[in-house]
Amino acid sequence: MNKKTPLYEKHVSLEATIQPFAGYLMPIKYGAIKKEHMAVRESVGAFDLTHMGEFRVTGTDATAFLDKLLTNDASVKNGKAYYSTMCYPDGGIVDDLIVYRIGDQEYLMVVNAANLDKDWAWVESHLQGFDIKVVNESDDTALVAIQGPRALEVCVKLTDSDLDSIGYYEHTTGKFAGVDALIARTGYTGEDGFEIYMKYPDAVTVWDSVMEAGKEFGIIPIGLGARDTLRLEVGYPLYGNDIDHSTTPIEAKLGWVVKLKTDKPFIAREVLEQQKAEKPGRYLVGMEVTGRGIPRHGTPLYSGDRKVGIVTSGTIAPALGKAVCLGYVERGFQKRGSELEAEVRGKRISVKVVKLPFYTQGSRK
Amino acid sequence: MSSIPENVRYTETHEWVRKDGDRYLVGLTDHAQHEMGEIVMAELPEVGAEATKGDAMGGLEAVKTAEDFFSPLDGEVVAVNEELEANPSLINEEPFKGGWLFAVKASDDSQYDGLLTAEEYKIHIGE
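Residues numbered from 1 in each chain as written. Chains lettered and ligands numbered in written order. Predicted model: local features only at pLDDT ≥ 70, side-chain atom pairs only at ≥ 80, totals over all residues. Heavy atoms only, no water.

Caption draft 1: Summary view of the overall build of chain A. On a plain count of helices and strands, chain A comes out with 8 helices and 20 strands. The C-alpha radius of gyration of chain A comes to 20 Å, within 12% of the 21 Å expected for a compact globule of 365 residues. Summarising its shape, the C-alpha atoms of chain A cover approximately 60 × 50 × 40 Å along the three principal directions. The long-range share in chain A, meaning contacts at least 24 apart out of those at least 6 apart in sequence, stands at 66%. Total accessible area on chain A is roughly 14,800 Å²; 49% of this is exposed by carbon and sulfur atoms. (Helix = DSSP H or I, 4+ residues; strand = E, 2+ residues; numbered from the N terminus. Rg over C-alpha atoms; globule rule 2.2 N^0.38 Å. Contact = heavy atoms within 4.5 Å. Areas by Shrake-Rupley, 256 points an atom, 1.4 Å probe, with all protein chains shown as cover.)

Caption draft 2: Quick look at the sheet that holds strand S1 (residues 3-4) of chain A. Residue and element names in this part refer to chain A. Across the sheet, 3 strands lie side by side as S1-S3-S2; this open sheet has mixed pairing. At either margin of the open sheet sits one strand with a lone partner, and together these are S1 and strand S2 (17-21). Across 2 bridges, the pairing between S1 and strand S3 (residues 24-29) is parallel. By the bridge assignment, lysine 3 is partnered in S3 with tyrosine 24. Along the sheet, helix H7 (residues 224-233) makes contact with S2 and S3, crossing S3 at roughly 65°. (Pairing = 2+ DSSP bridges. Axes fitted to C-alpha atoms, helices over the stretch in contact; angles between N-to-C directions.)

Caption draft 3: Representation of the pattern of salt bridges in the model. Within this structure, the stated rule accounts for 32 salt bridges over all chains. Lys175(A) is the partner of Asp180(A) in a salt bridge, and the nearest nitrogen-oxygen pair spans 3.1 Å. Arg23(B) is the partner of Asp20(B) in a salt bridge, and the nearest nitrogen-oxygen pair spans 2.8 Å. Taking the relative accessible area as the measure of exposure, Asp20(B) reaches 30% and is therefore partly exposed. One network of salt bridges, with partners in common, ties together Arg296(A), Arg345(A), Lys347(A), Glu43(B), Glu61(B) and Asp68(B). (Salt bridge = Lys/Arg side-chain N within 4 Å of Asp/Glu carboxyl O. Buried < 20%, exposed > 50% of the residue type's maximum accessible area, 1.4 Å probe, protein only.)

Caption draft 4: Fine view of empty space enclosed by the protein. Residues and elements named next belong to chain A. On inspection of all chains with the given rule, the structure shows 1 cavity of 30 Å³ or more. Computed from the structure, the largest cavity encloses a volume of approximately 30 Å³. Lining the largest cavity are Phe47, Leu49, Ala145, Gln147, Gly187, Tyr188, Thr189, Glu195 and Arg227. Looking at the lining of the largest cavity residue by residue, the classes come out as 4 nonpolar, 3 polar and 2 charged. (1 Å grid on protein atoms, 1.4 Å probe; cavity = no way out; pocket = protein on both sides within 12 Å on 5 of 7 lines; lining within 4 Å. Points joined across faces, edges and corners; volume = space filled by probe spheres on them. Nonpolar A, V, L, I, M, F, W, Y, C, P; charged D, E, K, R; others polar.)

Caption draft 5: Structural detail: the pairing of strand S4 (residues 39-43) of chain B. Residues and elements named next belong to chain B. Counting buried residues in S4 gives 5 out of 5 residues, a clear majority hidden from the surface. Sheet topology note: the S4/strand S6 (residues 56-62) ladder contains 4 bridges and is antiparallel. Across the sheet, the residue bridging to alanine 42 is leucine 60, located in S6.

Caption draft 6: Quick peek at the side chain of Ser84(A). All names here are of chain A. With respect to the helices, strands and loops of the structure, serine 84 is situated in strand S6 (residues 81-87). A relative accessible area of 0% means that serine 84 is categorised as buried. A distance of 3.4 Å separates a polar atom in the side chain of serine 84 from the backbone nitrogen of threonine 71. Once residues within four sequence positions are removed from consideration, serine 84 is found in contact with Leu70, Thr71, Asn72, Asp95, Asp96, Leu97 and Val257. (Polar contact = N/O pair within 3.5 Å; in protein donor to acceptor, adjacent residues only side chain to side chain.)

Caption draft 7: Up close: the packing of aromatic side chains. Residues and elements named next belong to chain A. Tallied over the full model, the rule gives 11 aromatic pairs over all chains. Ring geometry for tyrosine 100 versus tyrosine 197: centroids 5.5 Å apart, planes at 70°, classification edge-to-face. Here tyrosine 100, found in strand S7 (residues 93-103), pairs with tyrosine 197, found in strand S13 (residues 193-199); they are 97 residues apart in sequence, far enough to count as distant. Both residues of the pair, tyrosine 100 and tyrosine 197, belong to the buried class. (Phe/Tyr/Trp six-rings, centres within 6.5 Å; stacked < 30°, edge-to-face > 60°.)

Caption draft 8: Spatial organisation of the packing of helix H2 (residues 33-42) of chain A against H7(A). Residues and elements named next belong to chain A. Between H2 and H7, the shortest axis-to-axis distance is 9 Å and the interhelical angle comes to 55°. On the basis of their axis angle, the class for H2 and H7 is oblique. Read as a crossing pair, H2 and H7 show a hand that is right-handed. In this structure, H2 contributes Ile33, Glu36, His37, Val40 and Arg41 to the contact, and H7 contributes Gly225, Ala226, Thr229, Leu230 and Glu233. Looking at the contact of H2 with H7 residue by residue, the class counts come to 4 nonpolar, 3 polar and 3 charged. (Parallel < 35°, antiparallel > 145°, perpendicular 65-115°, else oblique. Left-handed = near helix turned anticlockwise from the far one by under 90°.)

Caption draft 9: Expanded view of the nonpolar core. Counting residues in hydrophobic clusters, the biggest one holds 132 residues, and the most contacted among them are Leu66(A), Ile146(A) and Phe176(A). Here this core gathers at least three residues from each of two domains, domain 1 (3-51 + 139-233) and domain 2 (281-365) of chain A. Leave out the neighbours within four places in its chain, and Leu66(A) touches Val57(A), Ala74(A), Tyr82(A), Val99(A), Tyr107(A) and Met109(A). Val26(B), Phe69(B), Leu73(B) and Leu115(B) belong to the second-largest nonpolar core, a separate cluster that totals 25 residues. (Core = buried A, V, L, I, M, F, W, Y, C linked by side-chain atoms within 4.5 Å. Domains from an automatic or database assignment.)

Caption draft 10: Structural view of the interface of chain B and chain A. Facing the 16 residues of chain B at the interface are 17 residues of chain A. Where chain B abuts chain A, roughly 1,500 Å² becomes buried across the two surfaces, and 46% of that area is made up of carbon and sulfur atoms. Here chain B and chain A share 7 salt bridges between them. Between Asp68(B) and Arg345(A) there is a salt bridge, and its shortest N-O distance comes to 3.4 Å. Seen at the junction of chain B and chain A, the total is 14 residue pairs in polar contact (both at pLDDT 80 or more). Put simply, the parts of the chain that give the side of chain B that touches chain A at least two residues each are S4, S6 and strand S7 (66-70) of chain B. Across the side of chain B that touches chain A, the residue classes break down as 7 nonpolar, 3 polar and 6 charged. (Buried area = accessible area lost by both parts, 1.4 Å probe.)

So this is what it looks like as structure tokens:
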């Protein structure tokens, strides 16, 4: 039985295409994906992301616990957020997540909906020896994201908090649209924007207020379809497509969230240290499609007759007007300008390794 | 409910076929274009290519998905819709008119009569 978010009825009345995703009935699109995509690039859009999972970690050992579980450094200032991977002992990725540091001894972990049960089991299995409490708040925490270059102008109307003073990957707690909320300047679109966390009963108030406040900027609701094209256009990996248990953060070019320079004894540290030193056999790269067609998850990549990689995500990039993809290629083929071929519907089409992000004009601060 | 005009025939693979003088125009049905979503690229066959009933003649790329399309008849491709190169969304906007894909000169006109009628196609897609 799929769950409904507190905004489900809104999506129905907006005539969204609704599909089950990670156990929730989620809006995939409300109209045309390209239109939703461009609204976020050019002005502002609102997302219901209530399916995401939230774990609250509190206690004297909160920092030590996260420093064991996650590859990135939990010693950020209160009010800051950080992106991290969480790894298995073999270096494979359990999940990628955002962590908000709420206080000296309090953090909020936000994990992928599709990994929620697995992540929770993983967290629970590592509690021993730490003086902490972890609470799974996923079932009563709603999340509304407001993303786009005009997002700030929409959100300032709805809170007394000084949003200007909140930098990218920072957050505050306060009233938003009159309800208690965590107000974070984070997102998954490459644009400036906010993610508002609130309790279920407050979600409709927040959603309606956001839509009203955004009216003058032409705000529209954005489904998970455009969420995917937006993240891909800026080269953000998606768990389950581009990263999973079989890939490591070093291979996925997420070495910047693996803090080997600290002395934190996180899970998989030695394996990842060794892989970094020896260089992995493959790398996740961005590729621009120069031929006709769109390589997608699973499309093989060739150099001449030799298979040298596999595509993990592909799409038309609406803001660029061309097809782009992410994929793993053997070491030696990851260099910028490297020319490969993708086999799409039995035909070879040319792709070229390019620098990420594909789209560089985002308003992200 | 999708549009299922009576003046064309259909295939189970969601092409429509319309007699147009001595050739047949082939396109994607309204039902299928709606299922695929915004089509962003159309890869069409070459004029002069051999068409074999049931064979893939090209492919359509939507934002989220890709599908091949098939020839409903045996014969030869005598025209392709070059408008689609610059404007593939015509397939979404006017699937039965400006969004046609290719034209085929049939080697056996009786194959047309064997295609699905509007009524049969309606049942096929469960509407």
